[in-house]
Amino acid sequence: MNIQFKKGVLEMCVLLMLESGDRYGYDIANDLSQTITISDGTVYPILRRLKQEEYVTSYLVESPGGAPRKYYAITPKGRELATMLKKEWLTFSEQVNTFVNRGGKLQ
Amino acid sequence: MTKSEFMARLGAALSQMSEQERNDILNDYEEHFRIGAEQGKTEESISYALGSPEELAASYTDGETEQVGTSHPEQTQEYAQPDFHETPNQQPPVQDYSQNGWQTGGYYTQEPGKDPEFTQQPQSSQSSQPPFYGQGYVPNQPYYQQAAQPTYVYAQRPSYQSRTAGERAAYLILMICLTLFLVLPVGGGIAIGLWFAILGIGIAAGAVSIAMLVASSAGVGFVLLGIAFACLCAALVFGLIGYTGGVVKLFSSYFKMCSRLINGRGVA
């Protein structure tokens, strides 16, 4: 799959994961790579970019018996983006599925 | 690859960044290795799952600069998901993607300081849009307006213009009249007539074959003739099944064609 397209979709997935609660990078990477075929490392550039664009924020949490973990939280702006991307994705994927199921014919 | 090897390669690939940025990024992977180790994973398996450090490094910068040749050719076989680890020089030019909105750098920066206005557009403006294929691409999102002209022009084909309600009703009445007074009496009559004709011949052939086989004392020739008639009877039974299927198909195509004609779609 085209790498840029996949990245855009993965940004949506990461935002949707954060909608239900804050998570740390390893957790996100681990969960996402279990459902979608990506390498674990892929989520870190995505998280960094989302943070730069202020769709997520991060904070450090001390972990008992370990080093601090960087948690990510979605911002209101990020929630808006997630809603929009999800809507777009559903419309787009439905249209593509219809097209593919018709065997690539326009009608 | 061990953790220190991975970190060294990632650090080297990020050498163009400022030291602060680089350390920030490296810290994320340090943390990843640490948590992985706490969960009992080996450095090898963690770094394998992370992917190629050079390609990860490239994805930090690909919004701004084109990275060429940052990965070594032999690495493509090393990772489990080769389709995702495209080498940077296989990536299409950046501007192609900034148009369709998925290119990450361009995507979010088109509306600086302003959230995308995706709830403000009144519904009525959608219905005034031409009813073409891309309707689902709600036109109230700024970047789609950019993308719409070059990308979806092909969809505005004349055959996609729907008919108005009046035209549709006229075609509907026309098709009902045509169907009731011409297609059903003539086409249906012929189809049903032929069906019964085949059935009749089949029954006759069956009866003759039974009669001949029963009267088998009359001679060997008689029996052979009876078998021949039985074969004819069987052929007619299968022929009738095929014929029925063909008629059903014919009529279903006819009604499909009618609906296309009424809706003004796909009639070339």
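The shown structure was predicted, so the numbers you read here are calculated from the model rather than taken from an experiment.

1. Considering the overall build of chain A
On a plain count of helices and strands, chain A comes out with four helices and three strands. Going residue by residue from the N terminus, the α and β elements of chain A occur as α-β-α-α-β-β-α. Burial statistics for chain A: of 107 residues in total, 50% are counted as buried. Look at the contacts in chain A between residues 6 or more apart in sequence, and 48% of them connect residues 24 or more apart. Surface accessibility of chain A: about 4900 Å² in total, with carbon and sulfur atoms responsible for 55%.

2. Description of the overall build of chain B
When helices and strands are tallied, chain B shows 10 helices and zero strands. Beginning at the N terminus, the succession of helices and strands in chain B can be written as α-α-α-α-α-α-α-α-α-α. For chain B, the proportion of its 268 residues judged to be buried stands at 31%. Sequence-distant contacts, at least 24 apart, represent 58% of the contacts inside chain B between residues at least 6 apart. Total accessible area computed for chain B in this model is approximately 15700 Å², and 64% of it derives from carbon and sulfur atoms.

3. Here we look at helix H9 (residues 165–214) of chain B
Since the α-helix advances by 3.6 residues per turn, residues separated by three or four positions end up pointing in the same direction. Its maximal kink placed at Val183(B), H9(B) deviates by approximately 45°, while the proline Pro185(B) follows within four residues. For H9(B), the set of buried residues is Met175(B), Thr179(B), Val183(B), Gly188(B), Ala191(B), Gly202(B), Ala205(B), Gly206(B), Ser209(B) and Met212(B).

4. Concerning the packing of helix H1 (residues 3–13) of chain B against helix H4 (residues 53–61) of chain B
Residue and element names in this part refer to chain B. Following both chains from N to C, one finds H1 and H4 inclined at 35°, their axes separated by 8 Å at the closest point. The chirality of how H1 crosses H4 is right-handed. Judged by residue contacts, Phe6, Arg9, Leu10 and Ala13 of H1 engage Pro53, Glu54, Leu56 and Ala57 from H4.

5. Some thoughts on the packing of aromatic side chains
Ring pairs (aromatic) are described by centroid distance and by the angle formed between their planes. One pass over the structure, following the stated rule, counts seven aromatic pairs over all chains. Ring geometry for Tyr59(A) and Tyr71(A): centres 5.9 Å apart, planes at 15°, overall stacked. Of this pair, Tyr59(A) sits in strand S2 (residues 56–61) while Tyr71(A) sits in strand S3 (residues 69–74), placing them 12 residues apart in sequence. When its relative accessible area of 34% is taken as the criterion, Tyr59(A) is described as partly exposed. Between Tyr254(B) and Phe255(B) the ring centres are 5.3 Å apart and the planes differ by 70°, which places this aromatic pair in the edge-to-face class. Cluster of aromatic residues (ring-pair linked, three or more members): Tyr44(A), Phe6(B), Tyr29(B) and Phe33(B).

6. Quick word on the confidence of the model for chain B
Residues and elements named next belong to chain B. A residue-level look at chain B finds 59% of positions with pLDDT of 70 or above and a mean pLDDT of 70. Note that residues 64–160 has pLDDT below 50 and, in this model, 144 contacts with residues that lie over four places away or in other chains. Model confidence for the complex is summarised by a pTM of 0.46, with the ipTM given as 0.87.

7. Section: unusual backbone geometry
Even without being glycine, Glu54(A) reaches a positive phi, approximately 65°. Turning to its location among the elements, Glu54(A) is positioned in the loop between helix H3 (43–52) and S2.

8. Overview of a positive patch on the surface
Taken together, the side chains of Lys105(A), Lys249(B), Lys256(B) and Arg260(B) define a basic patch exposed on the protein surface. Take Arg260(B): it is sitting in helix H10 (residues 220–263).

Parameters and conventions
- Residues numbered from 1 in each chain as written.
- Chains lettered and ligands numbered in written order.
- Predicted model: local features only at pLDDT ≥ 70, side-chain atom pairs only at ≥ 80, totals over all residues.
- Heavy atoms only, no water.
- Helix = DSSP H or I, 4+ residues; strand = E, 2+ residues; numbered from the N terminus.
- Buried < 20%, exposed > 50% of the residue type's maximum accessible area, 1.4 Å probe, protein only.
- Contact = heavy atoms within 4.5 Å.
- Areas by Shrake-Rupley, 256 points an atom, 1.4 Å probe, with all protein chains shown as cover.
- Bend = angle between axes of the 7 residues up to and from the residue.
- Axes fitted to C-alpha atoms, helices over the stretch in contact; angles between N-to-C directions.
- Left-handed = near helix turned anticlockwise from the far one by under 90°.
- Phe/Tyr/Trp six-rings, centres within 6.5 Å; stacked < 30°, edge-to-face > 60°.
- pLDDT = per-residue confidence, 0-100.
- Patch = residues over 30% accessible without salt bridge, like charges linked within 9 Å, V, L, I, M, F, W, Y side chains within 5 Å.
- Salt bridge = Lys/Arg side-chain N within 4 Å of Asp/Glu carboxyl O.
- Lys, Arg positive; Asp, Glu negative; His and termini not counted.
- Charge placed at Lys NZ, Arg CZ, Asp CG, Glu CD.

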